[in-house]
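What the coordinates show
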Amino acid sequence: MHLLLPARLLTCALFIISLPTFAQKSDKPEKPLDVIVQSVALRELQNNIEALGNLHAYETVVITAKATKTVTQIRFDDGQRITKGSTLVEMTNAEESALMEEARLTAEEAKKQLDRTQSLVQNGALSPSLLDQRKREYETAHARFNALQARFKDLIITAPFSGVVGIRDISLGSLIAPGQVITTLNDDSKMKLDFTVPAIYLRSLRIGLPIDAQSHDLGDKTFKGKIYSIDNQIDESTRSIKVRAIFDNPNFELKQGLLMTVVVRADIRKALVLSEAALVPMGSNNFVFVLMPNNDNRNAPWIAEKRQIYIGQRYQGLVEVVGGLREGEKVVTHGLQKIHAGQHLSVMAEQSNDPAKKPEPLSELLQQKKTEGK
């Protein structure tokens, strides 16, 4: 028993001696934590909807014959550009031309007889019943002339609109029948692009939205257009909706039938963004550490404030901020492993959040800071 007492006294003495040492460590100022920060900035954002679509000419028609006749003239070449009303094909029409000329002369004579009878009836030389007869004769002759003229026009095939013709499928002197294909005519001054979009994006679609389209067959050149129309129903089997866009085609590069990859730039808006590296997830919530001025310590001009924020869409390396931050506030992006609320901070470098710039590696930012320090 007497041997244990000195040992206890020695332990207490050592504990008492060590107390001032702990007190001195706790009173020592906290060393500022070196961090890299980023300013919260306002940027133009958009949600990209990707799809595949097929190109069609703005107007397209298959040129066919309306009567069984022999081709007497072909007035176009394969791939030729023509204007509206241009004659494409003429067929044998001598008989129809003669009959039409006869009907024209008959109608003109009937008109002269009508005018003469009308003058005599006004003078009382003829009865009104004869005037009615002359009117019927003129109207009958005029109607026959119109019918023969329409039949004659069917033998001369013209272009219904301006565009480019395809490969002709007939030869001079061949006998063609109604419905037989002569060629195709496309108005490719503009092009229509039809594609389908999942119904979940229905609220993001509207007439006039800008889109970008590319085709591997054209060297991945980007063509810009706008949504022209949206279908009035959703496909029940695919749960998608058909969308049509219009592209100008001044150089006639776009051809009917091309497969295009489409990017619809929807929900274009101004929003606050910051780097995903600044987020500190905790459960379903997201926090960041915001730099606040520290006026009490010149060696540590900043102090960390832990703040909950609310995020929207995520993009490559960036996240949309919908609440909790203001434009221009600085948040910590590197150095989060050792940070805590109230931590004294020293800013080593500031990282850009411009999406047009390639993100700078951490090593380059640190090297830049060292160079500036020299």
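Here the structure is a predicted model, which is why all the values come from computation and not from measurement. (Residues numbered from 1 in each chain as written. Predicted model: local features only at pLDDT ≥ 70, side-chain atom pairs only at ≥ 80, totals over all residues. Heavy atoms only, no water.)

1. Here's the deal with the overall build of the chain
What the chain contains, in helices and strands, is four helices and 19 strands. For the chain, the residues scored as buried account for 33% of the 374 residues in total. When the accessible surface of the chain is totalled, it reaches about 23300 Å², and 53% of it is carbon and sulfur. (Helix = DSSP H or I, 4+ residues; strand = E, 2+ residues; numbered from the N terminus. Buried < 20%, exposed > 50% of the residue type's maximum accessible area, 1.4 Å probe, protein only. Areas by Shrake-Rupley, 256 points an atom, 1.4 Å probe, with all protein chains shown as cover.)

2. Considering the pairing of strand E12 (residues 240-248)
Of the pairings in the sheet, the one linking strand E9 (residues 181-198) to E12 comprises nine bridges and is antiparallel in character. Bridge pairing in E12 places Leu193 opposite Ala245. In this structure, strand E11 (residues 223-235) lies alongside E12, joined through seven bridges in antiparallel fashion. Looking at the pairing, Ile230 lines up with Val243 of E12. Joining the antiparallel neighbours E11 and E12 is a turn of four residues, in which Arg239 adopts a positive phi near 55°. (Pairing = 2+ DSSP bridges.)

3. Topic: the sheet that holds strand E5 (residues 87-91)
Taken in spatial order, the four strands of this open sheet run E6-E5-E3-E8, and their pairing is antiparallel. At either end of the open sheet lies a strand with only one pairing partner, and these are strand E6 (156-158) and strand E8 (175-176). In terms of strand pairing, E5 meets E6 through three bridges, oriented antiparallel. Looking across to E6, one finds that Val89 is bridged to Ile157.

4. Quick look at the environment of Ala266
On the secondary structure map, Ala266 appears in strand E13 (residues 259-275). On a C-alpha basis, the gap between Ala266 and Ser204 in space is 5.8 Å, while along the polypeptide they are 62 residues apart. Contact partners of Ala266, with chain neighbours within four places excluded, come to Gln46, Asn47, Ile49, Ser204 and Leu209. (Contact = heavy atoms within 4.5 Å.)

5. Some remarks on the nonpolar core
With 23 residues, the main nonpolar core has Leu193, Phe195, Leu205, Ile211, Phe247, Met260 and Val264 as its most contacted residues. Breaking this core down by element, the ones donating at least two residues are strand E2 (41-64), E9, strand E10 (210-214), E11, E12 and E13. Other than its neighbours up to four places away in sequence, Leu193 contacts Gly53, Asn54, Leu55, Ile211, Ala213, Val243, Arg244, Ala245, Phe247, Met260 and Val262. Within the second largest apolar cluster, 18 residues are counted, among which are Val89, Ala159, Val165 and Ile170. (Core = buried A, V, L, I, M, F, W, Y, C linked by side-chain atoms within 4.5 Å.)

6. Focus: the side chain of Asn186
Checked against the element boundaries, Asn186 lands in strand E9. At 2.4 Å, the side chain of Asn186 forms a polar contact with the side chain of Thr60. Here Asn186 is in contact with Ala57, Glu59, Thr60, Phe161, Ser162, Gly163, Val164 and Gln256, once residues within four sequence places are set aside. (Polar contact = N/O pair within 3.5 Å; in protein donor to acceptor, adjacent residues only side chain to side chain.)

7. A word on helix H3 (residues 128-153)
Across its 26 residues, H3 extends 38 Å between first and last C-alpha, which sits within 8% of the 38 Å expected from 1.5 Å per residue. By the burial criterion, the buried members of H3 are Leu131, Arg134, Ala141, Phe145, Leu148 and Phe152. Against helix H2 (94-122) and E6 lie the buried residues of H3. (Expected span 1.5 Å × (residues − 1).)

8. Some thoughts on the pattern of salt bridges
Where charged atoms from two side chains of opposite charge approach closely, those side chains can pair. Counting across every chain of the model gives 19 salt bridges. Linking Arg314 and Glu276 is a salt bridge whose minimum nitrogen-to-oxygen distance equals 3.0 Å. Residue Arg314 is located in strand E16 (residues 302-314), and its partner Glu276 is located in the loop between E13 and strand E14 (280-282); the two are separated by 38 residues in the primary sequence. Overall, the relative accessible area of 46% leaves Arg314 in the partly exposed class. In the salt-bridge network here, residues are joined through shared partners; they are Glu305, Arg307, Arg326 and Glu329. (Salt bridge = Lys/Arg side-chain N within 4 Å of Asp/Glu carboxyl O.)

9. Quick word on the pairing of strand E17 (residues 318-323)
Strand residues, when the strand is regular, have side chains that alternate between the two faces of the sheet. The buried fraction of E17 amounts to five of the six residues, a majority that puts the element mostly inside the structure. Relative to E17, E13 runs antiparallel, the two being bridged by four bridges. Across the sheet, Ser275 pairs through a bridge with Leu318, a residue of E17. Joining the antiparallel neighbours E16 and E17 is a turn of three residues, in which Gly317 adopts a positive phi near 80°.

10. Observations regarding the confidence of the model for the chain
The share of residues in the chain with pLDDT of 70 or more is 85%, and the mean pLDDT across the chain is 84. Segment residues 9-26 is flagged for pLDDT under 50; beyond a separation of four residues in sequence, or across chains, it makes zero contacts in the model. (pLDDT = per-residue confidence, 0-100.)

11. So, H2
The terminal C-alpha atoms of H2 lie 43 Å apart, and with 29 residues this matches the ideal 42 Å at 1.5 Å per residue to within 8%. Within H2 the residues assigned to the buried category are Glu96, Met100, Ala103, Ala107, Ala110, Leu114, Thr117 and Val121. Buried residues along H2 sit against strand E3 (69-74) and H3. Just downstream of H2, Gly124 is the residue with a positive phi angle, here 85°.

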